[in-house]
Amino acid sequence: MLLKGTLSDLIHFCFEVYTEMVRSPKYIKKEDVLLMFRRNSMKMCKLGNAEEYDKSFVDFVMTEVDKDRDNRIPLEDFRKAVQENVAWLQFLGQILPSYSQKEIFSRLFTERPYVNNIESTAALIEVFCSNGSY
């Protein structure tokens, strides 16, 4: 599904991952967006006015994704936002593999000759692992 799933499949999968992260089976609350954004932004550089920036980001997200303006993002709101702009699919952190990671995985596990070439397989595994994809 992660390699060749439809947009609908990916929307459902990403939403499930996000709701599992916040331990809410039906929606993502505004507070959850803030917590997950802070968790992801901690890896980036620190800004002097980080608190203000974080709140601005959350307000922007809720304006764009919370279609019914109830300060919660249910699956249907998420689906509508992603259908308008696919960038919303992973707005709270990368969940899906990148195109290059999918390409390497596909070549490694689906396009193998009956008798593997040990050297080329080892090289692909090296690239796959160096991308942090293991």
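Within each chain, residue numbers correspond to sequence positions counted from 1 in written order. Confidence filtering applies because this is a predicted model: local features only for residues at pLDDT of at least 70, side-chain atom pairs given and counted only at 80 or more, and all residues used for totals across whole chains, interfaces and linings. Values shown for side chains rest on all heavy atoms present in the structure; no hydrogens or waters enter the calculation.

Draft legend 1. Broad picture of the packing of aromatic side chains. Two rings from Phe, Tyr or Trp (for Trp, the six-membered ring) form a pair when their centres sit within 6.5 Å of each other. Planes less than 30 degrees apart are called stacked, planes more than 60 degrees apart edge-to-face, and all others tilted. Evaluation of the coordinates by the stated rule reveals 7 aromatic pairs. Taken together, a centroid distance of 6.3 Å and an interplanar angle of 90° make the contact between Tyr18 and Phe78 edge-to-face. Of this pair, Tyr18 sits in helix H1 (residues 7–21) while Phe78 sits in helix H4 (residues 75–84); the two residues are 60 residues apart in sequence, bridging distant segments of the chain. Each of the two residues, Tyr18 as well as Phe78, counts as buried. Aromatic pair Phe60 and Trp88: ring centres 5.7 Å apart, planes at 35°, arrangement tilted. In this pair, Phe60 is assigned in helix H3 (residues 50–65) and Trp88 in the loop between H4 and helix H5 (99–109), connecting sequence segments 28 residues apart. Only protein chains enter the accessibility calculation, which uses a 1.4 Å probe; a residue is then buried when its area is under 20% of its type maximum, exposed when over 50%, and partly exposed in between. Classification of Phe60 as partly exposed rests on a relative accessible area of 45%. Aromatic ring contacts, followed pair by pair, group Phe15, Tyr18, Phe60, Phe78, Trp88 and Phe91 into a single cluster. For helices the rule is a DSSP run of H or I covering at least 4 residues; for strands it is a run of E covering at least 2, with both sets numbered from the N terminus onward.

Draft legend 2. Structural view of the UniProt feature "domain: EF-hand" (unreviewed entry) in the protein chain. UniProt positions are given in the numbering used here, feature names are shortened, and annotations may be inferred rather than shown by experiment. Look at the UniProt record and you will see "domain: EF-hand" (unreviewed entry) annotated at residues 53–88. What you have in residues 53–88 is 64% helix and 8% strand, and the ends, taken at the C-alpha atoms, are 19 Å apart.

Draft legend 3. Structural detail: the environment of Asn85. With respect to the secondary-structure elements, Asn85 resides in the loop between H4 and H5. The class of Asn85 is partly exposed, set by a relative accessible area of 38%. Each C-alpha atom, one on Asn85 and one on Glu64, is 9.9 Å from the other, the two residues being 21 residues apart in sequence.

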